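These are the residues of each chain, in order.
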Amino acid sequence: MDPEGSEDHDAFLALGQLSDDEAHSLLAPVGFADWRAAHRRLLRVVGDPRAEQAVNRILPHLLTALSGAANPDRVLVSLERFVRSAGDRLSLLRHLSGNPRAVEILVTLFAGSQFLTEILLRNPEYFERLLAHRQLALPKGLDQFCAEAQAWSLAAGGPVSDQLDALRRYQRWELLRIGACDLLDLFDLPAVTLQLSHLAEGLVRACLAVAAQRSGTPADGFTVIALGKLGGSELNYSSDIDLLFLASTDATRYRRLGERLIDALTCVTSEGFLYRVDMRLRPWGQVGPLVSSLEGYAAYLSEHARLWEKQALLKARPIAGDERVGGEFLRRVEPILFEPSPQDVRADVHAMKQRTEAQLRERGREWGQVKLGEGSIRDVEFVAQYLQLVHGARLPEVRSRNTLDALGRLLAQGCLSADEYRVLTDGYTLLRTIEHHLQMM
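1. Description of the overall build of the chain
Logical step 1: Each helix and strand counted, the chain has 22 helices and five strands in total.
Logical step 2: Along the three orthogonal principal directions, the C-alpha set of the chain runs to about 80 × 55 × 40 Å.
Logical step 3: Within the chain, buried positions represent 52% of all 441 residues.
Logical step 4: For the chain, the computed accessible surface area is about 19900 Å², with 50% contributed by carbon and sulfur atoms.
Logical step 5: When the 51 positive and 58 negative side-chain charges of the chain are each reduced to one mean point, those points stand 5 Å apart.

2. So, the pattern of salt bridges
Logical step 1: Here the structure, examined in full by the defined rule, presents 32 salt bridges.
Logical step 2: Between Glu80 and Arg41 there is a salt bridge, with the nearest N and O atoms lying 2.9 Å from each other. With Glu80 in helix H5 (residues 72-85) and Arg41 in helix H3 (residues 35-46), the pair connects residues that are 39 residues apart, well separated along the chain. Both residues of the pair, Glu80 and Arg41, belong to the buried class.
Logical step 3: We note a salt bridge from Arg122 to Glu271, for which the minimum N-O separation is 3.4 Å. Residue Arg122 is found in helix H8 (residues 114-122), and its partner Glu271 is found in the loop between helix H15 (255-266) and strand E3 (277-278); the two are separated by 149 residues along the sequence.
Logical step 4: Beyond isolated ion pairs, a larger network of salt bridges with shared partners links Arg41, Arg44, Glu80 and Arg84.

3. With respect to the packing of aromatic side chains
Logical step 1: The full count for this structure, using the stated rule, is eight aromatic pairs.
Logical step 2: Ring centres of Trp284 and Tyr300 lie 4.9 Å apart, and the angle between their planes is 75°; on these two criteria the pair is classed as edge-to-face. You can see Trp284 sitting in the loop between E3 and strand E4 (291-293) and its partner Tyr300 sitting in helix H16 (residues 294-303), a full 16 residues away along the chain.
Logical step 3: The cationic tip of Lys140 hangs over the ring face of Phe145; the distance from NZ or CZ to the ring centre is 5.7 Å.

4. A short note on unusual backbone geometry
Logical step 1: At Asp185, a position not held by glycine, the phi torsion is positive, near 60°.
Logical step 2: Phi is positive for Ser233, which is not a glycine, with a value near 55°.
Logical step 3: Locating Ser233 in the fold gives a position in the loop between helix H14 (228-231) and strand E2 (241-247).
Logical step 4: Look at Ser233 and you get buried, because its relative accessible area is 17%.

5. What about the pairing of strand E1 (residues 222-227)?
Logical step 1: Where burial is concerned, most of E1 is hidden: six out of the six residues are buried.
Logical step 2: Residues Phe222, Val224 and Ala226 point to one face of E1 and Thr223, Ile225 and Leu227 to the other, with burial holding for every one of them.
Logical step 3: The pairing of E1 with E2 spans six bridges and is classified as antiparallel. Bridging from a neighbouring strand, Val224 pairs with Phe245 of E2.
Logical step 4: For E1 and strand E5 (residues 317-321), the ladder comprises four bridges, and the chain directions are antiparallel. When the bridges of E5 are listed, Val224 appears paired with Ala320.

6. Thoughts on the confidence of the model for the chain
Logical step 1: Put simply, the chain has an average pLDDT of 90, and 96% of its residues get 70 or more.
Logical step 2: Segment residues 1-13 is flagged for pLDDT under 50; beyond a separation of four residues in sequence, or across chains, it makes 24 contacts in the model.

7. Comments concerning the nonpolar core
Logical step 1: Leu120, Val224 and Phe245 are the most contacted members of the largest nonpolar core, which has 101 residues in total.
Logical step 2: Sorting elements by how many residues they give to this core places helix H13 (residues 189-215) first, with twelve residues.
Logical step 3: If we ignore the near neighbours within four places in the chain, the residues touching Leu120 are Phe82, Leu106, Leu109, Phe110, Tyr126, Phe127, Leu130 and Leu176.
Logical step 4: One finds Ile225, Val349, Val398 and Leu416 within the second-largest nonpolar core, a separate group that totals 40 residues.

8. Looking at helix H6 (residues 89-97)
Residues lying three or four places apart along an α-helix face the same way, a consequence of the helix completing one turn every 3.6 residues.
Logical step 1: Taken as a whole, H6 has its buried residues at Leu90, Leu92, Leu93, Leu96 and Ser97. Around the axis of H6, the buried residues are gathered within 165° of arc, so they sit on the same side.
Logical step 2: Taken together, the buried residues of H6 touch H3, helix H4 (52-67), H5, helix H7 (100-112) and helix H9 (127-131).

9. Structural notes on the packing of H5 against H7
Logical step 1: Contact geometry of H5 with H7 gives a least axis separation of 9 Å together with a crossing angle of 120°. Between H5 and H7, the angle falls in the class oblique. Where H5 crosses over H7, the two elements pack in a sense that is right-handed. Of the residues in H7, those touching H5 at Arg74, Val75, Ser78, Leu79 and Phe82 are Leu106, Val107, Phe110 and Ala111.
Logical step 2: Of the residues in the contact of H5 with H7, the class split is seven nonpolar, one polar and one charged.

10. A short note on helix H22 (residues 418-440)
Logical step 1: A rise of 1.5 Å per residue sets the reference length of H22, with its 23 residues, at 33 Å; its end C-alpha atoms lie 33 Å apart and thus fit the reference within 8%.
Logical step 2: Here H22 has its buried residues at Leu424, Thr425, Tyr428, Leu431, Arg432, Glu435, His436 and Met440.

11. Some thoughts on the side chain of Gln388
Logical step 1: Its location among the elements puts Gln388 in helix H20 (residues 377-391).
Logical step 2: Residue classification places Gln388 among the buried residues on the basis of a relative accessible area of 3%.
Logical step 3: In this structure the side chain of Gln388 is engaged in a polar contact, spanning 2.7 Å, whose partner is the backbone nitrogen of Ser400.
Logical step 4: Residues contacting Gln388, with those up to four places away along its chain left out, are Leu314, Phe338, Val398, Arg399, Ser400, Ala406 and Leu410.

12. Observations regarding a nonpolar patch on the surface
Logical step 1: Nonpolar side chains collect at one region of the surface, where Leu430, Ile434 and Leu438 lie side by side and expose about 280 Å² of accessible area between them.
Logical step 2: The topology assignment puts Leu430 in helix H22.

Rules behind the numbers
- Residues numbered from 1 in each chain as written.
- Predicted model: local features only at pLDDT ≥ 70, side-chain atom pairs only at ≥ 80, totals over all residues.
- Heavy atoms only, no water.
- Helix = DSSP H or I, 4+ residues; strand = E, 2+ residues; numbered from the N terminus.
- Buried < 20%, exposed > 50% of the residue type's maximum accessible area, 1.4 Å probe, protein only.
- Areas by Shrake-Rupley, 256 points an atom, 1.4 Å probe, with all protein chains shown as cover.
- Lys, Arg positive; Asp, Glu negative; His and termini not counted.
- Charge placed at Lys NZ, Arg CZ, Asp CG, Glu CD.
- Salt bridge = Lys/Arg side-chain N within 4 Å of Asp/Glu carboxyl O.
- Phe/Tyr/Trp six-rings, centres within 6.5 Å; stacked < 30°, edge-to-face > 60°.
- Lys NZ or Arg CZ within 6 Å of the ring centre and 35° of its normal.
- Pairing = 2+ DSSP bridges.
- pLDDT = per-residue confidence, 0-100.
- Contact = heavy atoms within 4.5 Å.
- Core = buried A, V, L, I, M, F, W, Y, C linked by side-chain atoms within 4.5 Å.
- Arc of directions from axis to C-beta.
- Axes fitted to C-alpha atoms, helices over the stretch in contact; angles between N-to-C directions.
- Parallel < 35°, antiparallel > 145°, perpendicular 65-115°, else oblique.
- Left-handed = near helix turned anticlockwise from the far one by under 90°.
- Nonpolar A, V, L, I, M, F, W, Y, C, P; charged D, E, K, R; others polar.
- Expected span 1.5 Å × (residues − 1).
- Polar contact = N/O pair within 3.5 Å; in protein donor to acceptor, adjacent residues only side chain to side chain.
- Patch = residues over 30% accessible without salt bridge, like charges linked within 9 Å, V, L, I, M, F, W, Y side chains within 5 Å.

Have a look at this one:
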């Protein structure tokens with residue numbers, strides 16, 4: 001049988017009786033590492049003799065899709081697991097037999113991401129929602145993510161643990177939705193990172209509401225500041241989220257609220273966890289208080305903060321809690337960021353990058369580092385941040401939390417040449433895309 005789409009299905013109707021030569025002729029062109037194992041697995045997919053006709057109709061589309069997969073053996077393993085996880089195998093196979101696009105979506109998902117594959121295998125009911133690809137590809141705004149996360153939490157009712165598990169289930173579906181759109185080329189890189197960032201922001205807000213409930217401390221006077229990739233609205237699939245907790249006055253009052261928020265985000269249950277949280281960018285790092293007052297934080301920045309700490313604040317963005325406190329934070333810190341001389345900025349940014357690369361060499365990890373090594377994502381980020389720190393006081397137009405947006409602003413203001421802009425943006429987009437797909441695997 002020709003896997004490119006022959007309508008002669010007689011060979012498959014007697015799949016169990018195929019000779020080795022016939023099975024080899026059918027399956028070897030697909031590129032299986034072990035065509036005999038693939039033959040046995042296809043027989044297990046059929047399972048019920050009543051499903052033979054449905055699988056027979058699927059097979060041309062399946063083999064064509066598998067021929068384009070990097071690892072058709074692994075995809076077929078996942079397909080078998082998915083079919084076996086279905087409540088009604090016969091109905092699923094008949095549904096697939098009339099929907100070649102559904103077969104392509106499954107193969108693309110199973111080939112592109114073991115992470116997303118496991119989400120679907122754990123929740124096979126999500127498959128029907130994935131097939132509504134026109135609706136699937138409609139980007140959601142921040143307000144929608146926040147409303148949905150809050151609704152999932154409230155709908156769970158009952159104990160706080162149930163509310164948090166509902167949020168974890170909501171996150172899983174959204175990661176599957178966003179990742180599927182990524183793999184199917186329905187979202188480009190900026191759309192993916194923005195959707196992931198909106199999702200995280202919505203979940204942080206929902207978790208803050210739960211934390212306030214658990215601690216008995218309202219979030220009035222308390223703000224959550226996002227730094228790093230979440231601050232820049234350019235989050236990865238498996239990024240830590242860098243957070244900073246600030247209070248309008250009495251910081252000690254909000255310590256328990258902050259602890260409860262971190263616990264809600266990081267606690268592992270049977271439903272998984274939401275995010276790893278990095279709080280090391282707070283004053284004095286890990287030994288510093290979990291929550292700082294605005295006055296105390298501004299004093300720390302002026303008197304003790306190193307330049308790299310100010311550099312990190314280029315991406316600072318209030319994402320939850322008291323908006324008034326978040327706005328006051330931005331007003332206070334912005335002038336401090338652009339005080340250092342260009343010479344000091346250049347020396348410090350360069351030294352920090354050199355230290356990172358030296359640490360990678362010491363650990364034998366310098367090869368293949370798309371994030372931190374020489375010529376990596378971090379190089380592009382540091383170039384953009386260095387130029388913003390140098391020119392930001394004179395040219396406020398170049399200030400941006402988002403790397404690609406910052407590069408565009410620097411080009412528009414003459415701080416980058418067209419060739420420099422092209423090299424940086426093309427390289428950054430390529431490396432971030434590689435990073436995303438490595439994480440999905």
